[in-house]
Amino acid sequence: MRQCRDDRSGLSSQGSDRSSVCTLHAMGGYRSLRERMRRSERRTPESMAQRERSRVSTKASALSRDCITGMTRVRVLGTMSEPKPRICNFNAGPAALPLAALERARDELVDFEGSGMSIMEHSHRGRAYERVHEEAKSLLAKLLGLSPDWEVLLVQGGASMAFATIPMNLLPAGRSADYVVTGTWGEKAVAEAKAVAALGGGSVRIAGTTLTNKTYVRVPAPAELSLDPNAAYLHCTSNETIHGVQYAVSDATPLAAGANASVPVIVDMSSDILARSVDTSSFSLIYAGAQKNLGPSGVTVVAIRKELVARGRTDLPTIFQFRTHAANASLYNTPPTFGIYLMRNVLSWLDAEGGVAVIEQRNCAKASLLYRAIDESGGFYTCPVEPSCRSIMNVVWRLAKPELDDAFVSEAEARGLVGLRGHRSVGGMRASLYNAVEPAWVEQLTSFMKDFSARRG
Ligand code: PMP
């Protein structure tokens, strides 16, 4: 398992790498060529200065120059400058990626599977890329536990675009859609649905909201919901990234609260997809931007039941219809190939780690360690979220003395703990504990928090 490294041996991995021999030879050859040129050159002050100016850029480009000759198979294993050690990254998204997925990308970057080019340079219609594409989709279906009556679509535009494409496809004229709002992202989904409804003749109902004192600290109790049995669909956000509010593991959506089984349940899982086991059989559409638990930004996953695809409106521009992407295996137009490739790496890492059940245990342990540090701080730190609705992915807390916020953040950064400032709309602190966040990072964070409160309390 990855630890927060404090060694600085960026290029040392070359020694153990079998296919890298020629990298060093090539560099040596290049250096000796430069040496000969230098000796034969007349050493004027101008030429010395020019040489110094170009030294850094020459050094930095030496590797890539050797790589693009195509004469030898060279893998770039590091940059000429020493890389920083891996940092404890608590960013909310884009967020930490598994080191194994990044290292695999590094190893395959210049020469993908012996093809003499990177995956980015392959045609999206070629066999090499198609294999990656299919692997990413089938890993997603496997890890989400989807039955064959689902389609996995890989689209673009982020979850924000799905806020619009979902009602565009699934909210026909004369019908109404239910939305349960537990935070900012639910609010944004409602706003987009209302805009679409205004154009398309549908309507949007708020079936429940927990907005209180301009904030959200919990999900609704079943009795608080007013669900329309004839709704076109019911939409909810399983984890609110900004407010740190999540439906409990055993109760991932309002469906458990008695939603009508004939109403399709649509879940924005952007910030907790594949973080915990969820019974997807009760859902009809799950969507997520990739940049938290799945990979880099630029890819959006829309997993949708086939019968819902078929029900979608047919009078939309082709690109916005889910059926277009379903009928073309998400290759209707050029997909974000490198993002999907990296997502493949992340998903195969998760699979090899033991899948969602294993990562869920790790995630719960990380979150409870951090919540304990908050709750046992004697009021120095407080979490505004009700205990039963606390997110295992985005832990939010405040300092009793907000004037210490800046010192907290800068001292944490000095210790290699980054990404801790809460969203600008709510302030305070937030640590995002996505799948790739190491338990050791959370241990380092909690020991820093204890130390900080002891000194500043
Ligand atoms: N939903 C949730 C729960 C999110 O956290 C986010 C982004 N942080 C979004 C939707 C919007 O995602 P995107 O930036 O991919 O459009």
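Residues numbered from 1 in each chain as written. Predicted model: local features only at pLDDT ≥ 70, side-chain atom pairs only at ≥ 80, totals over all residues.

Student: Explain the overall build of the chain to me, please; I cannot follow it from the model alone.
Tutor: What the chain contains, in helices and strands, is twelve helices and 14 strands. Out of the 457 residues in the chain, the part that is buried amounts to 42%. Of the contacts formed within the chain by residues at least 6 apart in sequence, a portion of 73% connects residues at least 24 apart. (Helix = DSSP H or I, 4+ residues; strand = E, 2+ residues; numbered from the N terminus. Buried ≥ 20, exposed ≤ 12 C-beta atoms within 10 Å, placed from the backbone. Contact = placed C-beta atoms within 7 Å.)

Student: Is there a simple way to think about the sheet that holds strand 11 (residues 381–382) in this case?
Tutor: Spatially, 11-12-14 is the arrangement adopted by the three strands of the open sheet, whose pairing is antiparallel. With partners counted over all chains shown, the strands left at the sheet margins are strand 11 and strand 14 (429–432), one partner each. Relative to the sheet, helix 10 (residues 356–375) contacts strand 11, strand 12 (394–399) and strand 14, its axis offset from that of strand 12 by approximately 10°. (Pairing = 2+ DSSP bridges. Axes fitted to C-alpha atoms, helices over the stretch in contact; angles between N-to-C directions.)

Student: Which parts of the structure should I look at to understand the sheet that holds strand 3 (residues 176–181)?
Tutor: Sheets are built from strands paired through backbone hydrogen bonds, the pairs being either parallel or antiparallel. An order of 2-10-9-8-5-3-4 is seen for the seven strands of this open sheet, with the pairing classed as mixed. Every interior strand has two partners, whereas the edge strands, strand 2 (150–155) and strand 4 (203–209), have only one. Looking at each pair of strands side by side, their axes are set apart by 20° on average, direction ignored. Where strand 2 meets strand 10 (residues 300–305), six bridges bridge the pair, whose relative direction is antiparallel.

Student: Whenever I open this one, the site of the ligand confuses me. Can you help?
Tutor: With respect to spatial proximity, the complete set of residues near the ligand consists of G93, G158, A159, S160, W185, T237, T241, D268, S270, S271 and G289. Of the residues forming the shell around the ligand, the biggest block, three residues, is contributed by helix 5 (residues 158–170). Taken together, the residues of the shell around the ligand sort by class into two nonpolar, eight polar and one charged. (Near = placed C-beta within 6 Å. Nonpolar A, V, L, I, M, F, W, Y, C, P; charged D, E, K, R; others polar.)

Student: Is there a simple way to explain the pairing of strand 12 in this structure?
Tutor: Burial of strand 12 is extensive: five of the six residues sit out of reach of the surface. Note that strand 12 and strand 14 share four bridges and pair antiparallel. Note that in strand 14 the partner of N394 across the bridge is S432.

Student: Just to check I follow, could you spell out the packing of helix 3 (residues 99–108) against helix 9 (residues 337–353) for this structure?
Tutor: Angle between the axes and distance between the axes are the two parameters that describe a pair of packed helices. Where helix 3 contacts helix 9, the two axes come as close as 8 Å, and the packing angle between them is 135°. By the criterion of interaxial angle, the relationship of helix 3 to helix 9 is oblique. Classified by chirality, the crossing of helix 9 by helix 3 is right-handed. Along its contact with helix 3, which presents A100, A101, R104 and A105, the element helix 9 presents L342, N345, V346 and W349. (Parallel < 35°, antiparallel > 145°, perpendicular 65-115°, else oblique. Left-handed = near helix turned anticlockwise from the far one by under 90°.)

Student: Would you mind showing me how to read the environment of S250 here?
Tutor: For S250, the position within the fold is in the loop between strand 7 (245–246) and strand 8 (265–268). Separated by 26 residues in sequence, S250 and R276 have C-alpha atoms that sit 10.0 Å apart.

Student: Mind showing me how you'd approach helix 4 (residues 127–144) here?
Tutor: Given 3.6 residues to a turn, an α-helix orients residues that are three or four positions apart in the same direction. Between the first and last C-alpha of helix 4 there are 26 Å, a value that for 18 residues agrees with the 26 Å anticipated at 1.5 Å per step. Along helix 4, the residues that are buried comprise Y129, V132, H133, A136, K137, L139, L140 and L144. Seen along its axis, helix 4 keeps its buried residues to an arc of 160°; they face one direction. Opposite its buried face, helix 4 presents the exposed residues R127 and R131, each directed more than 90 degrees away. Each element contacted by the buried residues of helix 4 is listed here: strand 2, strand 10 and helix 9. Remark: G145 follows helix 4 within two positions and exhibits a positive phi of approximately 70°. (Expected span 1.5 Å × (residues − 1). Arc of directions from axis to C-beta.)

Student: Could you clarify how one ought to interpret the nonpolar core in this entry?
Tutor: One broad rule of soluble globular proteins: the nonpolar side chains tend to lie buried together. L285, V301, V302 and A303 are the most contacted members of the largest nonpolar core, which totals 118 residues. It is helix 9 that contributes the most residues to this core, eight residues altogether. Apart from the residues lying within four places of it in its own chain, the contact partners of A303 are L144, L146, W150, V152, L285 and I286. (Core = buried A, V, L, I, M, F, W, Y, C linked by C-beta atoms within 7 Å.)

Student: Is there a simple way to think about the confidence of the model for the chain in this case?
Tutor: In low-pLDDT regions, the fine details of the predicted coordinates are not to be read closely. With 80% of its residues at a pLDDT of 70 or more, the chain has an overall mean of 85. Confidence drops under pLDDT 50 across residues 1–45; counting only partners more than four residues distant or on other chains, this segment forms 49 contacts. Low confidence marks residues 47–80, where pLDDT is under 50. Its contacts with residues over four positions away, or in another chain, come to 41 contacts. (pLDDT = per-residue confidence, 0-100.)

Student: Would you take a moment to explain unusual backbone geometry for this structure?
Tutor: Of all residues except glycine, most have a negative phi; of all peptide bonds, most are trans. G93 connects to P94 through a cis peptide bond whose omega is 0°. Considering the arrangement of structural elements, one finds P94 in the loop between strand 1 (88–89) and helix 3. Positive phi values are uncommon outside glycine, yet E113 reaches one of about 50°. The class of E113 is exposed, set by 11 C-beta atoms lying within 10 Å. Phi angles above zero are rare outside glycine, and L274 is one such case at about 60°. When you line up the elements, L274 lands in the loop between strand 8 and strand 9 (285–289).

Student: What is the right way to read the environment of E134 from this model?
Tutor: Here E134 lies in helix 4. We classify E134 as partly exposed; it has 13 C-beta atoms within 10 Å. For the pair E134 and I340, spaced 206 residues apart in sequence, the C-alpha separation works out to 9.9 Å.

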